Amino acid sequence: MLKTHHCGSLRQEHVGQQVTVAGWVHNWRDQGGLVFLDLRDRSGVLQVAIDREKQPEAHALATQARSEWVLQIVGTVVRRPAGMENPNIATGEVELHASAVSVLNRAKTPPFYINRDDRVEESLRLRYRYLDLRRERMQRNLILRHRVIKFIRDFLDAEGFLEIETPILFKTTPEGARDYLVPSRVHPGKFYALPQSPQQLKQLLMVAGYERYFQIARCFRDEDQRGDRQPEFTQLDMEMSFVEREDVLQLIERMMIEIVETLTDRQLLAKPFPRLTYQEVMERFGSDKPDLRYDLAAIDVSEIATQSDFAVFKDAVTAGNPVKAIRVPGAGNQSGGQLRKFHSAYEERVRAVGGKGLGYLVLPAEAGGEVKGSVAKFFSPELQALLFEATQAQPGDVLFLLAEARPVIYGMIDVLRRSLAEEFNLADPNTMAFCWTLDFPLMEWNPDENRWDPSHHLFTAPVPEDEHLLDSAPGQVRGQQYDLVCNGYEVAGGSIRIHRQELQEKIFGLIGLDMVDAKERFGHMLEAFTYGAPPHGGIAPGIDRLVMLLAGEPNIREVIAFPKSQMAIDLMVSAPSEVYPEQLEELSIQLALADEAEPE
Ligand code: ASP
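Please read all numbers here as calculations on a predicted model, not as lab measurements. (Residues numbered from 1 in each chain as written. Predicted model: local features only at pLDDT ≥ 70, side-chain atom pairs only at ≥ 80, totals over all residues. Heavy atoms only, no water.)

The number of helices and strands found in the chain is 17 helices and 23 strands. With respect to the principal axes defined by its C-alpha atoms, the chain has extents near 90 × 75 × 60 Å. The proportion of buried residues among the 600 residues of the chain is 48%. In the chain, the share of contacts with a sequence separation of at least 24, taken over all contacts with a separation of at least 6, comes to 67%. When the accessible surface of the chain is summed, it comes to about 30100 Å², and 50% of that surface belongs to carbon and sulfur atoms. Positive and negative side-chain charges in the chain, numbering 66 and 89 respectively, have mean positions lying 5 Å apart. (Helix = DSSP H or I, 4+ residues; strand = E, 2+ residues; numbered from the N terminus. Buried < 20%, exposed > 50% of the residue type's maximum accessible area, 1.4 Å probe, protein only. Contact = heavy atoms within 4.5 Å. Areas by Shrake-Rupley, 256 points an atom, 1.4 Å probe, with all protein chains shown as cover. Lys, Arg positive; Asp, Glu negative; His and termini not counted. Charge placed at Lys NZ, Arg CZ, Asp CG, Glu CD.)

In structure tokens, the structure reads:
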């Protein structure tokens, strides 16, 4: 080894020892007779002092060294003089007095500071990802990611799971996104598909009798890059045989609690995790992935609103639509002008998601004061009192009132909750608020295609009590599906699966899959189910999202070593890229690019 010790490992106990360290120049200060270098390796930073009088040769080299040069330094560990300790670094009580310096490599001036946590434009960071990854924050994230994955492997091994790899070159999978296709050279005109998840293979492993499987699995989905998505991402993919929903929920919940409590200093909002039905989360939070770190729940006030003099509310209720109230604590404590601005900013947000308007009421800060706001005049004092009771509104609060058909009103509630929480800083960054969303509808009506779509995927089993509704009222059938949610993100989704061929065929039929097509795509599943498929179920937590939340990062690119940009481009190597004509020829592929569609 070119080093005897790691830079960040040296402590008081090493004082007096001769050591060799190697790493990158993090900082340098030339004070004439003395050069100070902070040498960094993965373990941390160590201050090195090089004295011109004592070590003229080493000193001469050290004066040339610049940021990010790679050095090897031999020296003696000494205690720093009293008052010169640096409590900000782990090695802050000692320093190295160098006797020899060797330059292992020079470095150009990096395009951004490695030693500072400055905001750097993301495209620059991604282009020079190998430099970006040198930064402490990125290192911390990747180390955490490693620990989470190691923890998961150990945990599941102890629970009797086997890690089994499944192919990357595969066939179309049922997650509902677009596939990435890989042309076959040996079978011209035929394609593999990259797996959107190992869904079918893990189910087939259950048919094969493995009972408990997991994999840290790469998944590929060719989706439009809206929001925080990556074309390839990592799931902890799992499947278990002879289980019921409860078994899966308890195992995952135990694992998540242990991960948070062992690997982070974050607080769990509630243990056990709250369980909410799909209907409940939609009605109260307008989203199936609510952030429970704050309340801002929508309360149904239709009964009260229909007695008001406001035609909009009365008509909404007559039409079967709800009127809902969201209480914004303390928001009434601003001047009239500010309040009107505040209201119109939020009204704009609900309009952006299809709402027609937003009513509001302001409770006076003092008892006996006047209730104000755009809809105050339509509510008698008695009705106002009922509203405040139903919403538990306090003096100085604002009540937002919304009336709209479902599902538009859900989007309005969701956008109000998210943006109010941001404005009032209600989401404590140190809290992890997990919850389960259960009892999703098995299928959703797709008005564009005029058919039912599975709300999870094709293999999710209906709740047994609802199976008889499959023909008469498919929209009312609940699926045995579960989502684990944390801080407003879905961190895992899974289900108990169908394991009987007849039921699987029936579901294929209901979602309008032509039987010939179904057999072509999923015939192997139907066939496997005829050979003694055990009852089984599973789940797949997203590793990127989970680590992002554990690390307190705002997006998943911060916890992936080499992510794609939001436009699905690898900015470091420029992928995707054009290929040589011979390569296409070998694959029997001709491009049909329109002239104006200039490749980038
Ligand atoms: N394959 C599913 C998904 O990727 C997860 C599961 O059902 O286990 O969402």
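The next thing to look at is unusual backbone geometry. A cis geometry characterises the amide bond from Lys271 onward to Pro272, with omega recorded as -10°. Here the amide bond leading from Arg406 into Pro407 is cis, since omega sits at 0°, within 30 degrees of zero. For Pro407, the location among the structural elements is in the loop between strand E16 (398–403) and helix H12 (408–423). The backbone of Asn425 sits at a positive phi, close to 55°, despite the residue not being glycine. With respect to the helices and strands, Asn425 occurs in the loop between H12 and strand E17 (431–432). The exposure class assigned to Asn425 is exposed, which follows from its relative accessible area of 68%. A positive phi angle is found at Ser588, which is not glycine, with a value near 55°. Locating Ser588 in the fold gives a position in the segment after helix H17 (581–586).

A few words now on the nonpolar core. Leu156 and Phe434 are the most contacted members of the largest nonpolar core, which totals 45 residues. Broken down by secondary-structure element, the contributors of at least two residues to this core are helix H4 (136–158), strand E9 (212–220), strand E10 (232–241), helix H6 (245–263), strand E18 (434–438), strand E21 (481–486), strand E22 (489–496) and helix H16 (543–551). At nine residues, H6 tops the list of elements feeding residues into this core. When sequence neighbours within four positions are dropped, the list of residues in contact with Phe434 reads Met256, Val260, Leu268, Phe273, Pro274, Leu484, Val485, Cys486 and Val491. (Core = buried A, V, L, I, M, F, W, Y, C linked by side-chain atoms within 4.5 Å.)

Attention now goes to the sheet that holds strand E4 (residues 70–79). Strand order in this closed barrel of five strands is E1-E2-E3-E5-E4, and the pairing throughout is mixed. Taking each pair of neighbouring strands and ignoring which way they run, the sheet shows an average axis angle of 55°. The pairing of strand E3 (residues 44–51) with strand E5 (residues 94–105) spans two bridges and is classified as parallel. Along E5, the bridge assignment pairs Val48 with Leu96. (Pairing = 2+ DSSP bridges. Axes fitted to C-alpha atoms, helices over the stretch in contact; angles between N-to-C directions.)

Moving on, we get to helix H5 (residues 199–207). Counting buried positions along H5 gives eight out of nine residues, so the element sits mostly inside the fold. If you check which residues of H5 are buried, you get Gln199, Gln200, Leu201, Lys202, Gln203, Leu205, Met206 and Val207. Its buried side turned inward, H5 meets E9, E10, helix H15 (515–528) and strand E23 (536–541). One or two residues past the end of H5 sits Gly209, with phi positive at roughly 90°.

Taken together, the neighbourhood of the ligand is formed by 14 residues, with Glu175, Gln199, Lys202, Arg221 and Arg497 sitting nearest. Residue Lys202 places a side-chain N or O atom 2.7 Å away from an oxygen atom belonging to the ligand. For the ligand, the protein covers 93% of the area, taking 270 Å² as the surface of the free molecule. At the level of elements, H5, E22 and E23 are the ones that each hand at least two residues to the shell around the ligand. (Near = heavy atom within 4 Å. Polar contact = N/O pair within 3.5 Å; in protein donor to acceptor, adjacent residues only side chain to side chain.)

So, on to H4. For H4, spanning 23 residues, the distance from its first C-alpha to its last is 33 Å, which sits close to the expected 33 Å at 1.5 Å a residue. Inspection of H4 places Met138, Asn141, Leu144, Arg145, Val148, Ile149, Phe151, Ile152, Phe155 and Leu156 among the buried residues, and these make up the whole buried set. Once H4 finishes, Gly160 follows within two positions and takes phi at roughly 85°, a positive value. (Expected span 1.5 Å × (residues − 1).)

What follows covers the packing of helix H10 (residues 336–352) against H12. The interhelical angle for the contact between H10 and H12, taken along N-to-C directions, is 140°, at an axis separation of 9 Å. It follows that H10 is oblique to H12 by the angle criterion. Crossing of H10 against H12: the hand is right-handed. Contact residues: H10 offers Phe342, Tyr346, Arg349 and Val350, while H12 offers Met412, Val415, Leu416, Ser419, Leu420 and Glu423. Taken together, the residues that form the contact of H10 with H12 break down as seven nonpolar, one polar and two charged. (Parallel < 35°, antiparallel > 145°, perpendicular 65-115°, else oblique. Left-handed = near helix turned anticlockwise from the far one by under 90°. Nonpolar A, V, L, I, M, F, W, Y, C, P; charged D, E, K, R; others polar.)

For the coordinates displayed, the defined rule picks out 16 aromatic pairs. Residues Tyr128 and Tyr130 carry aromatic rings whose centres are separated by 6.3 Å and whose planes lie at 75° to one another, so their mutual orientation is edge-to-face. Taking 5.8 Å as the distance between ring centres and 45° as the angle between the ring planes, the aromatic pair formed by Tyr346 and Phe400 counts as tilted. Taken together, the residues span a long stretch of sequence, with Tyr346 in helix H10 and Phe400 in strand E16 at a distance of 54 residues. One exposure class covers both Tyr346 and Phe400, and it is buried. (Phe/Tyr/Trp six-rings, centres within 6.5 Å; stacked < 30°, edge-to-face > 60°.)

Everything listed here is a matter of coordinates, which is why it stays silent on function.
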